[in-house]
Amino acid sequence: MRPQYDPERWTPAQRDAAKAQELAAPGFARVTRTTVERMRYACRKQGLWGLADKRVVPARGRRPAGYADERVVAAVLEALRRQRGRSKGTVKGLQVLVGQVLEDTHGRGVVECRHARRSTGW
């Protein structure tokens, strides 16, 4: 262990400041004690993933439908499957069909489909 990181001699804030100086030396811009503290916390909480720049690295576990209820996504896909080969219809008609699929599969009012309910009165 390097002397500037000895936990018996230095406080965590002092060790973070030493790490910030070490990182700033080769040219990393804006490395402060607070930055190192944040990085240490993120690493403790999320492991190495916590240190990755989420703006550059795609988020792990990304879902194509975002945070939509999986039951609603499945109902939309089923409704589209039922419409295959027919007239395209309207969005409102698709919403009604999705509501029917949800009711048939899960029962009336069990699965909330907020956006569609406002326009169709489910």
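Each value, and the rule that gives it
Residues numbered from 1 in each chain as written. Predicted model: local features only at pLDDT ≥ 70, side-chain atom pairs only at ≥ 80, totals over all residues. Heavy atoms only, no water. Helix = DSSP H or I, 4+ residues; strand = E, 2+ residues; numbered from the N terminus. Buried < 20%, exposed > 50% of the residue type's maximum accessible area, 1.4 Å probe, protein only. Contact = heavy atoms within 4.5 Å. Polar contact = N/O pair within 3.5 Å; in protein donor to acceptor, adjacent residues only side chain to side chain. Axes fitted to C-alpha atoms, helices over the stretch in contact; angles between N-to-C directions. Parallel < 35°, antiparallel > 145°, perpendicular 65-115°, else oblique. Patch = residues over 30% accessible without salt bridge, like charges linked within 9 Å, V, L, I, M, F, W, Y side chains within 5 Å. Areas by Shrake-Rupley, 256 points an atom, 1.4 Å probe, with all protein chains shown as cover. Salt bridge = Lys/Arg side-chain N within 4 Å of Asp/Glu carboxyl O.

Let's shift gears to the environment of Arg-40. Assignment of secondary structure puts Arg-40 in helix H2 (residues 33-46). Overall, the relative accessible area of 33% leaves Arg-40 in the partly exposed class. C-alpha separation for the pair Arg-40 and Gly-50, spaced 10 residues apart in sequence, amounts to 8.9 Å. Beyond its immediate sequence surroundings of up to four residues, Arg-40 is in contact with Pro-12 and Asp-16. Here the side chain of Arg-40 touches Asp-16 through a polar contact of 2.5 Å, side chain to side chain.

With that settled, consider the packing of helix H1 (residues 12-24) against H2. In contact at an axis separation of 8 Å, H1 and H2 are set at 105 degrees when each is read in the N-to-C sense. Taken together, the axis directions place H1 and H2 in an arrangement best described as roughly perpendicular. Here Pro-12, Ala-13, Asp-16, Ala-17, Lys-19, Ala-20 and Leu-23 of H1 come into contact with H2, specifically with Arg-33, Val-36, Glu-37 and Arg-40.

A few words on a nonpolar patch on the surface. A cluster of nonpolar side chains, contributed by Met-39, Leu-48 and Leu-51, occupies part of the molecular surface with about 300 Å² of accessible area. Within the element layout of this structure, Met-39 appears in helix H2.

The values are spatial; any link to function lies outside them.
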